[in-house]
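Spelled out, the chains give:
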Amino acid sequence: MARTLIRKNPSNFKTLPLHVEATPEGLTYQSIGMPLNFAQTQQRRKAIQLPDTQHFVVELANLGVSVRLTLHWQNRDYWVLVRQRRQDRGDVVLKLISGYVPAQELNLPLHTAVQEVAEECLLETPEGWLGGRFNDTWLPVPYAAALHYRETPHFVLTPQSGAARPVHCSKLMLMERPRAYVHLPTASLQLIYDMRLQVPREAKKLSLFHVDERLEGDQLEARLNRKRPDLYLMPLKDGQPVAELYTLKKDELVPASTRGLYLAESFARQEGWVVTEERVRWKDWVKQQGLVESKPARASHLQRFGDKARALLERARTSLHK
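What counts as what
- Residues numbered from 1 in each chain as written.
- Predicted model: local features only at pLDDT ≥ 70, side-chain atom pairs only at ≥ 80, totals over all residues.
- Heavy atoms only, no water.
- Pairing = 2+ DSSP bridges.
- Helix = DSSP H or I, 4+ residues; strand = E, 2+ residues; numbered from the N terminus.
- Axes fitted to C-alpha atoms, helices over the stretch in contact; angles between N-to-C directions.
- Buried < 20%, exposed > 50% of the residue type's maximum accessible area, 1.4 Å probe, protein only.
- Core = buried A, V, L, I, M, F, W, Y, C linked by side-chain atoms within 4.5 Å.
- Contact = heavy atoms within 4.5 Å.

Caption draft 1: Broad picture of the sheet that holds strand 19 (residues 212-216). Strands sit in the order 1-20-19 across an open sheet of three strands; the sheet is antiparallel. If you trace the sheet from one side to the other, it starts and ends with strand 1 (3-8) and strand 19, each paired once. Between one strand axis and the next, the sheet turns through 35° on average, direction left out of account. As judged from the five bridges shared by strand 1 and strand 20 (residues 219-224), these two strands associate in the antiparallel manner. Its bridge partner lying in strand 20, Thr4 is registered against Arg223.

Shown next, in the form of structure tokens:
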């Protein structure tokens, strides 16, 4: 059963619409108008069109931020994806860790990105939950009132090199060079930061969980469901993704099915500064990337079946010799 960790009043969240100017050399955004609450922002997230994907001036509903998080665990790298039921779009996708940027952080979206990692990606050991640091700064522990966080060890979150084309907030360039795109179906500007999470060697029997906020009545509720960890790992080989998905439970990688799976629009093709798709089918993305999809879930099922068959055979032999 899902456990509610915290409740928030969504009316406390405020953001601002954006004025965006793009050229082939770079993109600049700045806030305009009056602060909007969550409901007002959703009303503005309506599909738009742009005649040119490289050169345009447009007003957008909001700024969103995502983290392409590479988790380093037991000498291997994995991309971290989370499952989300998107109430505003009526679908279920695997996506990057992401969130809306509040008004007070529009000029520092990196801060929002780091907070989203702390809120959405939870690392549990038998001794408690792990806290973390971003460079030399401790990450917040948003669920400290409900969960026991260990004092040591902690994970380390570091930025990785970003996109080639610069993004400016007014006259200030975002030094971490996030990838940027305008998402036409939601009239929003999206920034993607590349980050790396180093799991400490002392963290044994590690399990990973995703916690996401959902609007329940007039409250935003953050829930933890142990039966549905909702956090998935995609292995990397030589820095390139492998078409497999796993959950992690007590240091065991558990294969996850990709049947009928959709990925969020951040995995769709980008033309210039623009993404036009709402989502992309897993099979289509695998094909676009030139990957070969294996069947880890089916192999694991056969292996478990074989183990059960051998156990039954051993019991039968034991009974015959009695």
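Caption draft 2: A look at the pairing of strand 5 (residues 62-73). Within strand 5, eleven of the twelve residues are buried, which leaves the element mostly enclosed by the surrounding structure. Pairing analysis gives eleven bridges linking strand 5 to strand 17 (residues 188-198), with the strands arranged parallel. If you follow Gly64 over to strand 17, its bridge partner there is Gln190. With four bridges joining them, strand 5 and strand 6 (residues 76-86) adopt antiparallel strand pairing. From the neighbouring strand, Trp73 faces strand 6, where its bridge partner is Arg76.

Caption draft 3: Seen up close, unusual backbone geometry. A cis amide bond links Thr152 to the next residue, Pro153, at an omega of -5°. Looking at where Pro153 falls in the secondary structure, it is placed in the loop between strand 12 (137-138) and strand 13 (155-159). For Ala187, which is not glycine, the phi torsion reads 50° and is therefore positive. You can see Ala187 is positioned in the loop between strand 16 (179-183) and strand 17. Although it is not a glycine, Asp238 sits at a positive phi angle of roughly 55°.

Caption draft 4: Broad picture of the nonpolar core. Residues Tyr29, Leu69, Leu189 and Met195 are the most contacted members of the largest nonpolar core, which totals 56 residues. Looking at which element gives the most residues to this core, the answer is strand 5, with six residues. Setting aside residues up to four positions removed in sequence, Leu69 forms contacts with Tyr78, Trp79, Val80, Ile97, Val117, Cys121, Leu157, Met195, Arg196 and Leu197. By size, the runner-up hydrophobic cluster in this structure holds 21 residues, among which are Leu81, Leu96, Ala243 and Val280.

Caption draft 5: Spatial organisation of the environment of Glu120. Inspection of the secondary structure puts Glu120 in helix 2 (residues 109-120). The spatial distance from the C-alpha of Glu120 to the C-alpha of Leu231 is 8.9 Å, given a sequence separation of 111 residues.

Caption draft 6: Highlighting the sheet that holds strand 14 (residues 167-169). What the five strands build is an open sheet, ordered 4-2-3-14-15; its pairing is mixed. In the strand order of this sheet, the two ends are held by strand 4 (56-60) and strand 15 (172-173), each with one partner. Direction of pairing for strand 2 (residues 18-23) relative to strand 4: antiparallel, over a ladder of five bridges. By the bridge assignment, Ala22 is partnered in strand 4 with Phe56.

None of the figures reported here should be taken as evidence of function without further support.
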